[in-house]
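Overview (structure and organization)
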Amino acid sequence: MTSSSLSQPLRTVDAVVVGAGFAGLYMLYRLRQLKLRAQVFEAGAGVGGTWYWNRYPGARCDVESMQYSYSFSPELQQEWEWTERYPQQAEILRYVNHVADRFDLRRDIQLETRVIAAHYDESKHLWTVRTDRGDEMVARFLISAAGCLSAGRVPAIPGLDNFTGKWYHTGNWPHEPVDFRRQRVGVIGTGSSGIQAIPAIAHHAGEVVVFQRTPNFSIPAWNRPLSAEEQQEWKAKYPEYREQARKTRSGILYDYSQRGTFDVSEAERQQEYERRWRRGGANYTHAFNDIFFNRDANDQAAEFVRNKIRSIVKNPDVAAKLAPTDHAIGTKRICVDTDYYDTFNLPHVSLVDLKATPIKEIVAAGIRTTDKTYELDSIVFATGYDAVTGALDRIDIRGRDGRALKEKWTEGPRTYLGLMTTGFPNLFFITGPGSPSVLTNVVVAIEQHVDWIARCVHYMQERTLNVAEAKGEAEDEWVAHVNEVADKTLFPTTASWYTGANIPGKPRVFLPYVGGLGNYTVICDKVAEDGYRGFLLQSAPAPAPAPAPESESESESESESESESESESESESEDAVAANRL
Ligand code: NA7
């Protein structure tokens, strides 16, 4: 990597953090507590990550407000007031901004700056990080808080450039209001984003055509205002509730049944499904403890939802198309909706089954399927993400021997505990592949990872260690364990973004760790208590001082090596500062 400007010395910090969403903000807070200098780079023009970008109509979190929030500050969790059972995007964004201000985080965050490369220098044990704005920075630690669902994906449907209307992706929604009134709007995709956006768009649009490739299961949110009493009740018990939540499988306080589906009578079973349906939310899939493990048990829970769809949607043909039969309920992320199925009873909403009539191309006037051309004013792509690894893949990350992370992960990501990967010293992932991440209330998973990383860095500081790396055999064992646990469930039976199946050419690997956040936390804590078992933490010698460059004016072809040696000498003193602090 060359210096962008020979005259500018490279800035050196202890840690570069990629991303200023929930993970990046809390990581910065914890690094500051350790008296470390950190720089956060954030691609958006504001903090918030997912909640900065996902401004589409109806965008809302599918974890309840009282749980989808930080727990690290008792004052924060007592003082912040949520207004609804499930928080909408704008409210979460306000919350995240409040956190950034409250803890004075902004001064170490550089917005509108995307990290494009990070190369590890083995001789100095430092990362050099480069951004799309030409910044270059040297850091002991590189910490990815780049998010699991941040690399949006617009499918390569031929002809999009010819479309004369406007098009949008739910994960990169304009900041100014989009006016769909009197418009004919086509929505492609019926995952969580589509299922939230479709009813909200239908509220205003003149006509909505939903292009569905695979139907998904959705449970009503029954969203409503939160009463002051309800909040008070939660707040009074926050310490114990948070503690309990951390021990659960998903980081969410749900009613996790201990009973098997077939331990109860048919009548009792239906009653339980109904009770959960009426309560609303993803809690439904915990009605019995075998839903994720036993296909027959799963079918029972799935059939109940299919029956609900049939009872809500008046047109039986449309109901049949909306009722999923191709996958086990919950093995694609279950959706939580407001009026989704009801929306298909509206006269101006129609459903196109892409399995029967696939999209051929996008034309000037709209979308052409094998059947007909749908004339549209706008197209909304609710087509998802290159999940878990996508954001990392978009950065040129190189570890030992200049090896690219992307290349190491050609057959699928390999990590130890989802936290580090062998060959890439001092690179930490927050909610990385092989950790519970997307299967949890991600704020809880983030806090667990950030706390673990901060503890590890503190351990290194106390012992004047400067290099941390996952050992190869520990990584092999963890990867085998992640697969073994996944194979005991129904998850791998479904082609989903959990397995990389939504991205053409992406290796099919079950990306998150399905062993449960509570169990996982116990494993991570034990590893730390055992002196970071499976990690090599060492004090690597500082390099010998580089000879001072003789001349600054070199020819084009020589400038690269010149710039490197100059960078070395310039960063040398700062490197020593960083090493001393650690
Ligand atoms: P998802 O869950 O990946 O959903 C994407 C949807 O888009 C899904 O229905 C896909 O159908 C559909 N899709 C993708 N590509 C195409 C093409 N080429 N043609 C037609 N339809 C397509 O993304 P979301 O944004 O909804 O949700 C992601 C997560 O964010 C969510 O789980 C929450 O955790 C928040 P497919 O199923 O692949 O047939």
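Let me begin by describing the structure that accompanies this report. Within every chain, residues take consecutive numbers counted from 1 along the sequence as written. This being a predicted model, a pLDDT of at least 70 is required before a residue's local features are given, and a value of 80 or more before pairs of side-chain atoms are given or counted; all residues contribute to the totals for chains, interfaces and linings. Values reported for side chains reflect all heavy atoms of the structure, with hydrogen atoms and water molecules removed beforehand.

Assigned secondary structure in the protein consists of 17 helices and 20 strands. Here the C-alpha atoms of the protein give a radius of gyration of 25 Å, agreeing with the 25 Å that 2.2 N^0.38 yields for 582 residues. By principal-axis analysis of the C-alpha atoms, the protein measures approximately 80 × 55 × 45 Å. Buried means the residue's accessible area, taken with a 1.4 Å probe over protein chains only, is under 20% of the maximum for its type, while exposed means over 50%, and partly exposed covers the values in between. Looking at the protein residue by residue over its 582 residues, the buried ones come to 57%. Between two residues, a contact is recorded if the distance between any of their heavy atoms is within 4.5 Å. Taking all contacts inside the protein whose residues are at least 6 apart in sequence as the whole, residues at least 24 apart take part in 72%. In this tally, Asp and Glu contribute negative charge and Lys and Arg positive charge; neither His nor the terminal groups of the chain are included. A single reference atom marks each charge: NZ on Lys, CZ on Arg, CG on Asp, CD on Glu. Positive and negative charge centroids in the protein, built from 64 and 80 side chains respectively, lie 6 Å apart. Each helix is a run of H or I in the DSSP string that is no shorter than four residues. Each strand is a run of E no shorter than two, and both are numbered from the N terminus. We compute the radius of gyration over the C-alpha atoms and compare it with the globule rule, which gives 2.2 Å times the number of residues raised to the power 0.38.

Another point: the site of the ligand. A cutoff of 4 Å decides nearness: a residue is near a molecule or strand if any of its heavy atoms lies inside that distance of it. The full set close to the ligand counts 19 residues, and Thr-190, Ser-193, Arg-213, Thr-214 and Lys-332 are the nearest of them. Under this definition, polar contacts are N or O atom pairs within 3.5 Å; protein pairs additionally need one hydrogen-donor-capable and one acceptor-capable atom, and for neighbouring residues in sequence, both atoms have to be side-chain atoms. The separation between an oxygen atom of the ligand and a polar side-chain atom of Ser-193 is 2.5 Å. In this structure, an oxygen atom belonging to the ligand sits 3.1 Å away from a side-chain N or O atom of Arg-333. For every accessible area listed, the method is Shrake-Rupley and the probe measures 1.4 Å; residues are considered covered only by the protein chains on display. For the ligand, the protein covers 85% of the area, taking 780 Å² as the surface of the free molecule. Taken together, the residues of the shell around the ligand break down into seven nonpolar, eight polar and four charged. When residue character is reported, Ala, Val, Leu, Ile, Met, Phe, Trp, Tyr, Cys and Pro are called nonpolar, Asp, Glu, Lys and Arg charged, and the others, Gly included, polar.

Side chains of strand β16 (residues 378-381) alternate between two faces, with Ser-378 and Val-380 and Ile-379 and Phe-381 buried alike. Strands are treated as partners if at least two bridges between them are detected by DSSP. Taken together, the four bridges between strand β7 (residues 166-169) and β16 define a ladder with parallel strand orientation. Paired with Trp-167 across the two strands is Ile-379, which belongs to β16. Here four bridges tie strand β8 (residues 184-188) to β16, and the two strands are oriented parallel to one another. Paired with Val-185 across the strands is Ser-378, a residue of β16.

The subject of this paragraph is the state of the cysteines. Count a disulfide wherever a pair of cysteine sulfur atoms falls within 2.5 Å. Tallying each qualifying case throughout the model produces zero disulfides. We note that Cys-148 lacks a disulfide partner, and the nearest cysteine sulfur, in Cys-61, lies 14 Å from it. Residue Cys-148 is classed as buried on the basis of its relative accessible area of 8%. Among the cysteines around Cys-524, which has no disulfide bond, Cys-456 carries the closest sulfur, lying 11 Å off. Exposure remark for Cys-524: the relative accessible area of 0% places this residue in the buried category.

All right, on to the sheet that holds strand β13 (residues 359-363) then. Here three strands make up an open sheet; going across it, the order is β13-β14-β15 and the pairing antiparallel. Every other strand in the sheet has two partners, leaving β13 and β15 (373-375) as the edge strands with one partner each. Looking at each pair of strands side by side, their axes are set apart by 20° on average, direction ignored. With three bridges connecting them, strand β14 (residues 366-369) and β15 associate as antiparallel partners. Its bridge partner lying in β15, Ile-367 is registered against Tyr-374. Helix axes are fitted to C-alpha atoms over the stretch in contact, other axes to C-alpha atoms as well, and angles between N-to-C directions run from 0 to 180 degrees.

Expected helix span is computed as 1.5 Å times (number of residues minus one). The first and last C-alpha atoms of helix α16 (residues 517-529) sit 18 Å apart over 13 residues, in line with the 18 Å expected at 1.5 Å per residue. Taken residue by residue, α16 has Leu-517, Gly-518, Tyr-520, Thr-521, Cys-524, Val-527 and Ala-528 as its buried positions. Contacts made by the buried residues of α16 are with α7 (238-246), α14 (442-463), α15 (472-487) and β20 (535-538). Phi turns positive one or two residues past the end of α16, at Gly-531, with a value near 75°.

Here the focus is the sheet that holds strand β9 (residues 207-212). The five strands lie next to each other as β7-β16-β8-β9-β12, forming an open sheet whose pairing is parallel. Only two strands of the sheet have a single neighbouring strand rather than two, namely β7 and β12 (349-353). The average undirected angle you get between the axes of adjacent strands in this sheet is 20°. Looking at chain direction, β9 and β12 are connected through five bridges and run parallel. Within β12, the position partnered with Val-209 by the bridge is Ser-350.

This paragraph deals with the packing of aromatic side chains. Between the rings of Phe, Tyr and Trp (Trp by its six-membered ring), a pair exists once the centres lie within 6.5 Å; its type follows the angle of the planes, with under 30 degrees stacked, over 60 edge-to-face, and the other angles tilted. Applying the stated criterion across every chain yields a total of 46 aromatic pairs. Pairing Tyr-168 with Phe-180 gives two aromatic rings, centres 5.9 Å apart and planes at 90°, and the pair type is edge-to-face. Taken together, the residues span a long stretch of sequence, with Tyr-168 in strand β7 and Phe-180 in the loop between β7 and β8 at a distance of twelve residues. The class of Phe-180 is buried, set by a relative accessible area of 4%. Centre to centre, the rings of Trp-173 and Phe-180 are 6.2 Å apart; their planes meet at 65°, and the pair counts as edge-to-face.

Moving on: the packing of helix α8 (residues 266-279) against helix α9 (residues 295-312). Where α8 contacts α9, the two axes come as close as 11 Å, and the packing angle between them is 60°. Taken as axis vectors, α8 and α9 run oblique relative to one another. Both α8 and α9 take part in a crossing whose hand is right-handed. Taking contact as the criterion, the partners of Glu-266, Arg-269, Gln-270, Tyr-273, Glu-274 and Trp-277 in α8 are, on α9, Ala-297, Gln-300, Ala-301, Phe-304, Val-305, Lys-308 and Ile-312. Of the residues contributing to the contact of α8 with α9, the split by class is seven nonpolar, two polar and four charged. For classification, angles of less than 35 degrees are called roughly parallel, those exceeding 145 degrees roughly antiparallel, those between 65 and 115 degrees roughly perpendicular, and all remaining angles oblique. It is the rotation of the near helix from the far one that decides the hand of a crossing: anticlockwise by less than a right angle makes it left-handed, clockwise makes it right-handed.

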